[in-house]
Amino acid sequence: GQVEMKAVNAYIQLTPTIGLFASSAIVLAVRGALGAAAFSDWGWRVPFLISLVFVAISYYIRVRLEESPVFAELKAQGRTSPSPIRESYATPERWKVFATVLFGVTAGQAVLAQTTQVYVLFFLQRVLALPPDTSYRIMAGGLLLVMPLFPLLGAMSDRVGRKPMMLAGHVLALVLLYPIYKAMTLVADPVRPVVLTLLVFAQMVPFVIVYTPLAAFLVEAFPPRIRYTSISLPYNLGNGWFGGLLPLIATALVEVTGSRLGWLAYPLGIVAVTVVVASLFVRDSRSPVEDAGLVTAD
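Just so it is clear, the model here is predicted, and its values are computed rather than measured.

Draft legend 1. Region of the structure containing the overall build of the chain. Regarding its fold elements, the chain presents 14 helices and 2 strands. Among the 298 residues that make up the chain, the fraction classed as buried is 42%. Restricting to contacts in the chain with at least 6 residues of sequence separation, those with at least 24 account for 83%. Working note: accessible area of the chain is about 15,300 Å², and carbon and sulfur atoms make up 67% of it.

Draft legend 2. Just the confidence of the model for the chain, in detail. Per-residue confidence for the chain gives a mean pLDDT of 85; residues scoring 70 or more make up 87%. Within the chain, the lowest mean pLDDT, 31, falls on strand β2 (residues 294-296), and the highest, 97, falls on helix α10 (residues 193-211). For residues 1-6, every residue scores under 50 in pLDDT, and the model assigns this stretch 26 contacts once sequence neighbours within four places are set aside. Note on residues 287-298: pLDDT is under 50 here. Beyond four places in sequence and across chains, it has 35 contacts.

Draft legend 3. Focus on helix α14 (residues 265-281). With 17 residues, α14 should reach 24 Å at 1.5 Å per residue; the first-to-last C-alpha distance of 24 Å fits that figure. Elements in contact with the buried residues of α14: α6 (92-127), α9 (162-186), α12 (227-243) and α13 (246-257).

Draft legend 4. Summary view of the packing of aromatic side chains. Scanning all chains against the criterion turns up 11 aromatic pairs. When the centroid spacing of 5.0 Å and the interplanar angle of 80° are considered together, the rings of F123 and Y181 count as edge-to-face. Taken together, the residues F123 in helix α6 and Y181 in helix α9 connect sequence positions 58 residues apart. A relative accessible area of 0% means that Y181 is categorised as buried.

Draft legend 5. Up close: unusual backbone geometry. Residue P190 is reached from D189 by a cis peptide bond, and omega for that bond is 0°. Mapped onto the elements of the fold, P190 is located in the loop between α9 and α10. With a phi close to 60°, A129 is a non-glycine residue in the positive phi region. According to the relative accessible area criterion, A129 is exposed, its value standing at 59%.

Draft legend 6. Inspection of the environment of E220 at higher detail. Looking at where E220 falls in the secondary structure, it is placed in helix α11 (residues 214-221). Judged by relative accessible area, E220 falls into the buried class, the value being 6%. For the pair E220 and D284, spaced 64 residues apart in sequence, the C-alpha separation works out to 9.1 Å. In terms of polar contacts, E220 uses its side chain to reach the side chain of R162, at 2.8 Å.

Draft legend 7. Looking closely at the nonpolar core. With 66 residues, the main nonpolar core has Y181, M184 and V200 as its most contacted residues. Per-element tally for this core: the top contributor is α6, with 13 residues. When neighbours within four sequence positions are excluded, V200 is seen to be in contact with V120, L124, I138, M139, G142 and M184.

Rules used throughout
Residues numbered from 1 in each chain as written. Predicted model: local features only at pLDDT ≥ 70, side-chain atom pairs only at ≥ 80, totals over all residues. Heavy atoms only, no water. Helix = DSSP H or I, 4+ residues; strand = E, 2+ residues; numbered from the N terminus. Buried < 20%, exposed > 50% of the residue type's maximum accessible area, 1.4 Å probe, protein only. Contact = heavy atoms within 4.5 Å. Areas by Shrake-Rupley, 256 points an atom, 1.4 Å probe, with all protein chains shown as cover. pLDDT = per-residue confidence, 0-100. Expected span 1.5 Å × (residues − 1). Phe/Tyr/Trp six-rings, centres within 6.5 Å; stacked < 30°, edge-to-face > 60°. Polar contact = N/O pair within 3.5 Å; in protein donor to acceptor, adjacent residues only side chain to side chain. Core = buried A, V, L, I, M, F, W, Y, C linked by side-chain atoms within 4.5 Å.

Below, the structure is given as structure tokens:
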């Protein structure tokens with residue numbers, strides 16, 4: 001089947017960053033309206049209540065979504081897999097594909113997501129001891145600055161391919177994350193919010209380079225008849241385990257090393273594994289073409 005992958009696909013990858021920006025903005029607005037004392041006492045619940053509106057909207061959209069044209073055509077022709085789990089994982093070759101995608105793609109992406117867009121706020125507030133309002137402003141500013149990169153990098157991945165983009169982002173993370181976080185510790189006392197905002201933005205850039213072509217890569221890497229099942233396990237294990245455990249492991253590493261930056265050993269170690277596995281075993285899910293519009297998947 002054929003799947004159209006255009007730069008506009010990057011806007012889907014942009015939506016989590018928009019959500020994080022909106023949450024920071026809402027928290028700042030509610031804290032400003034209620035005051036710090038009331039927010040700490042009961043007002044912190046208000047952003048969660050506001051989010052119920054968006055949950056209802058997303059549910060409304062979700063129940064009205066239709067199958068992709070490729071899958072709908074397969075279904076109409078009776079060519080869908082009768083046992084997608086078995087077809088996805090019944091052979092050693094399929095498990096090799098699973099391991100390659102997990103360790104060569106999603107594990108590194110997951111720890112970069114947690115590090116650069118989630119744990120960074122904890123770092124600002126708990127490690128650098130910035131006031132909550134200041135940390136949320138810095139976080140919102142970094143997120144706002146990084147948003148325009150998504151469509152630009154999406155268009156670039158159509159030209160150069162998905163693997164080169166993701167590999168470059170992981171290598172850039174290995175080179176830049178420690179110096180960036182070291183610089184953050186140096187400008188936090190006294191607080192230099194503009195410089196910190198630029199540093200928060202800079203540490204997000206490697207993740208955006210990795211994450212923007214990720215969805216396109218995964219869609220193109222598996223045949224439509226088993227695509228959803230094949231993607232689900234490596235993607236969710238990568239983000240649930242490698243990414244989800246980062247706060248716990250990071251806290252333990254800071255305690256063990258006695259260093260405010262000791263926690264970086266975990267995400268950088270996982271990213272290093274991803275670079276090695278991707279370099280040796282991951283094949284690009286597509287070849288660059290002159291026309292950055294149409295690409296095909298088996």
